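# A structural walkthrough
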Amino acid sequence: MKRYNSSSSSRKRFLDPTTLSIAVDQILHHAAAEQVRVALLGGYALQIYGSDRLTGDVDVVADRAIEALSPIKPLSFGGYTTEAPNGTPVDIVLRDAHYRSLYEEALDHAEVLEGIPIVTLEYLPAMKMAAGRRKDLADFEWLVIESGVNIRRAKQIVVRHLGPYAGDEFDSLVAEAKWEAKRRK
């Protein structure tokens, strides 16, 4: 089942929550069968937390590869892209040297929401900062303004895993997000 627009376009099609939920159930089934620890992160995780962010894939952090979900291509930051049995694109994040401790700790502290292991809100800002893409900065803004994340706890995680200068950047990003939110009102 193809989930992307035609090959003449590089834009992904956004997926409905039902399709994403089915893919997550399939991923969790394979992970459990292989005793691989996983937790959801990314756009669908944000949706579960209440964001209106759309996504065209499912992102999970794992403690090792899920053999039943064969790699299609490697991720530049560690891990691989694959597909769930229902055809949904999946990024299996397996961090190596850079930020490995952040992702391992986030996996250790994952919570279960709606039956899905999911990275907690406090770890997501650090992960968004580490990724640094435009959509990650928009997600960061939603996290600090709308999600109810514990800002102090999130900053502690940023400093512990990304360093003290990242803590200063975190403060700047939080101040900017608050300013933007106030300006829009």
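Description of the structure in this document. If you're wondering where the values come from, they're calculated on a predicted model, not measured in any experiment.

## Brief notes about the overall build of the protein chain
- Counting its regular elements, the protein chain contains seven helices and seven strands.
- Written out in order from the N terminus, the α and β elements of the protein chain read α-β-α-β-β-β-β-α-β-β-α-α-α-α.
- For the protein chain, the C-alpha radius of gyration of 16 Å lies close to 16 Å, the compact-globule estimate for 185 residues.
- Over its C-alpha atoms, taken along the principal directions, the protein chain stretches across nearly 45 × 35 × 30 Å.
- Classification of the 185 residues of the protein chain by burial places 49% in the buried group.
- Summarising the internal contacts of the protein chain: among those between residues at least 6 apart in sequence, 61% fall at separations of at least 24.
- Surface exposure of the protein chain reaches about 9900 Å², of which carbon and sulfur atoms provide 50%.
- Counting 24 positive and 26 negative side-chain charges, the protein chain places the centres of these two groups 4 Å from one another.

Rules of the game
- Residues numbered from 1 in each chain as written.
- Predicted model: local features only at pLDDT ≥ 70, side-chain atom pairs only at ≥ 80, totals over all residues.
- Heavy atoms only, no water.
- Helix = DSSP H or I, 4+ residues; strand = E, 2+ residues; numbered from the N terminus.
- Rg over C-alpha atoms; globule rule 2.2 N^0.38 Å.
- Buried < 20%, exposed > 50% of the residue type's maximum accessible area, 1.4 Å probe, protein only.
- Contact = heavy atoms within 4.5 Å.
- Areas by Shrake-Rupley, 256 points an atom, 1.4 Å probe, with all protein chains shown as cover.
- Lys, Arg positive; Asp, Glu negative; His and termini not counted.
- Charge placed at Lys NZ, Arg CZ, Asp CG, Glu CD.

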